[in-house]
Amino acid sequence: MKPLSLLSTVLVGALLASCAPEQKAPDSSQPAETTPPTSSHGRLVVYVANYPLAYFAERIGGPEVEVKFPAPADVDPAFWEPTEAEVEAYQSADIILLNGASYSHWLDTVTLPDSKTVNTSASFSDKFIVVKDAITHSHSGEGEHSHSGTVFTTWIDFDQAIQQADAVREALQAARTSQVELFALNFDQLKTDLLALDADMKSEGTRLAKQPLVVSHPIYQYWARRYGLNVQSVLWEPDTVPDEAQIEALKKILATHPAKWMVWEGVPAPESVEKLKALGVNSVVFDPSANVPEKGTWLDVMKSNIQEIKKIIP
């Protein structure tokens, strides 16, 4: 076969060029792409303020979401301070789920994009509980703070938890309209679980019938209100044995509020349990599970909490 002449080569190249699809320049008159960025797997990237919201987002979003909760496991997310890089990660997410009710104190110093941010407790903001003149204290490894202002442990009122989960559903459906039915189905299944928790806890509230209780931290107000519980708060940490001043302060509470049970937010130190027993006070745990538990899920922790409350003898 003879090689192509130079003229033939030029003619062939021209023919091929004339058959190639036309390459159009970008049209600046067209609107910019409005679809939010997604993860490398095509999932919606959802950053959350605490573990309950992470659990709700995972249950409702399923394989369509990639949930990010960067707070370390050993801190209270409400008082955690993210790094600059972590703040930037929140800002670049597809959806940002906030607890509301003055949670996430770091939000006072940063700006998040309104278009991506969802306040999951907005629907019941008119029912927030406000505490004044709370004592300043510190948790292990955390700076000093007080629980003055809006009470933020909203989700241990399981009716409020349902409303927060519903806000998550709405946000996911708005961001990915092709999966509206999936998100609705998953929400309904989660709601069934939350309604069961609510019914069980209501039953316990009725059984206890205003039985005086002491709670180890001032974070149980919504829980007490929803389920008709009669509680007084102290400021005791599960991993810290109370000193004599704390014991004396508790005695003063017991003089007018004769509780036989203390509800702890975490498993208390054995010495603390013994000190309470000496005062005729027993211990149970109701863990709000604001952070990821060592085992199980948020729902598992809530079921365990209710089993603990069932130990209380009126």
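Coordinates for the structure precede this section.
Residues numbered from 1 in each chain as written. Predicted model: local features only at pLDDT ≥ 70, side-chain atom pairs only at ≥ 80, totals over all residues. Heavy atoms only, no water.

Trainee: Which residues make up the side chain of Glu 265, and what are the values?
Mentor: Mapped onto the elements of the fold, Glu 265 is located in the loop between strand 11 (261–264) and helix 8 (270–278). For the buried residue Glu 265, which engages in no salt bridge, the nearest side chain bearing the opposite charge is Lys 275, 18 Å off. Within polar-contact distance, the side chain of Glu 265 engages the side chain of His 217 at 3.4 Å. Dropping the residues within four chain positions of it, Glu 265 is found in contact with Ser 216, His 217, Ile 219, Tyr 220, Trp 236, Glu 237, Pro 238, Val 285, Phe 286, Asp 287 and Pro 288. (Helix = DSSP H or I, 4+ residues; strand = E, 2+ residues; numbered from the N terminus. Buried < 20%, exposed > 50% of the residue type's maximum accessible area, 1.4 Å probe, protein only. Lys, Arg positive; Asp, Glu negative; His and termini not counted. Salt bridge = Lys/Arg side-chain N within 4 Å of Asp/Glu carboxyl O. Polar contact = N/O pair within 3.5 Å; in protein donor to acceptor, adjacent residues only side chain to side chain. Contact = heavy atoms within 4.5 Å.)

Trainee: Please set out the pattern of salt bridges residue by residue, giving values where relevant.
Mentor: Scanning all chains against the criterion turns up 13 salt bridges. In this structure, the salt-bridge partner of Lys 251 is Glu 248, at a minimum N-O distance of 3.3 Å. Of this pair, Lys 251 and Glu 248 both sit in helix 7 (residues 244–256), three residues apart, roughly one helical turn. Among the charged side chains, a network of salt bridges with common partners joins Asp 157, Asp 198, Lys 202 and Arg 226.

Trainee: Which residues make up the pairing of strand 1 (residues 44–48), and what values go with them?
Mentor: Across the five residues of strand 1, five count as buried, placing the element largely inside the fold. Along strand 1, one buried face is formed by Leu 44, Val 46 and Val 48 and the opposite face, lined by Val 45 and Tyr 47, is buried too. Two elements, strand 1 and strand 2 (residues 65–68), share four bridges in a ladder whose sense is parallel. Residue pairing across strands places Tyr 47 opposite Lys 68, the latter belonging to strand 2. Note that strand 1 and strand 3 (residues 95–98) share three bridges and pair parallel. From the neighbouring strand, Tyr 47 faces strand 3, where its bridge partner is Ile 96. (Pairing = 2+ DSSP bridges.)

Trainee: Outline the environment of Phe 56, listing residues and values.
Mentor: Here Phe 56 shows up in helix 2 (residues 51–61). Residue Phe 56 is classed as buried on the basis of its relative accessible area of 0%. For the pair formed by Phe 56 and Leu 299, sequence separation is 243 residues and the distance between their alpha carbons is 9.8 Å. Apart from the residues lying within four places of it in its own chain, the contact partners of Phe 56 are Ala 161, Gln 164, Ala 165, Val 168, Leu 190, Leu 194 and Trp 298.

Trainee: Account for the sheet that holds strand 12 (residues 282–285), with residues named and values stated.
Mentor: Strand order in this open sheet of four strands is 10-9-11-12, and the pairing throughout is parallel. Edge strands, defined here as strands with exactly one partner in the open sheet, are strand 10 (230–233) and strand 12. The average undirected angle you get between the axes of adjacent strands in this sheet is 35 degrees. Where strand 9 (residues 212–215) meets strand 10, four bridges bridge the pair, whose relative direction is parallel. Its bridge partner lying in strand 10, Val 215 is registered against Ser 233. (Axes fitted to C-alpha atoms, helices over the stretch in contact; angles between N-to-C directions.)

Trainee: Account for the packing of helix 4 (residues 158–175) against helix 5 (residues 180–208), naming residues and giving values.
Mentor: It is the contact of helix 4 with helix 5, at a shortest axis distance of 9 Å, that shows an interaxial angle of 175 degrees. It follows that helix 4 is roughly antiparallel to helix 5 by the angle criterion. Listed contacts from helix 5 to Phe 158, Asp 159, Ala 161, Ile 162, Ala 165, Asp 166, Arg 169, Leu 172 and Gln 173 of helix 4 are Val 180, Phe 183, Ala 184, Phe 187, Leu 190, Lys 191, Leu 194, Leu 195, Leu 197, Asp 198 and Met 201. Among the residues making up the contact of helix 4 with helix 5, the classes are represented as 14 nonpolar, one polar and five charged. (Parallel < 35°, antiparallel > 145°, perpendicular 65-115°, else oblique. Nonpolar A, V, L, I, M, F, W, Y, C, P; charged D, E, K, R; others polar.)

Trainee: Explain the nonpolar core to me, and be specific about the residues and the numbers.
Mentor: In terms of nonpolar packing, the biggest core is built from 73 residues, with Phe 56, Leu 97, Trp 223 and Trp 298 touching the most fellow members. Considering every element that reaches this core, the biggest residue donor is helix 4, with eight residues. When sequence neighbours within four positions are dropped, the list of residues in contact with Trp 223 reads Ile 156, Met 201, Val 215, Leu 229, Val 263, Phe 286 and Ile 309. Grouped together as the second largest cluster of nonpolar side chains are 13 residues, Val 234, Trp 236, Trp 264 and Val 285 included. (Core = buried A, V, L, I, M, F, W, Y, C linked by side-chain atoms within 4.5 Å.)

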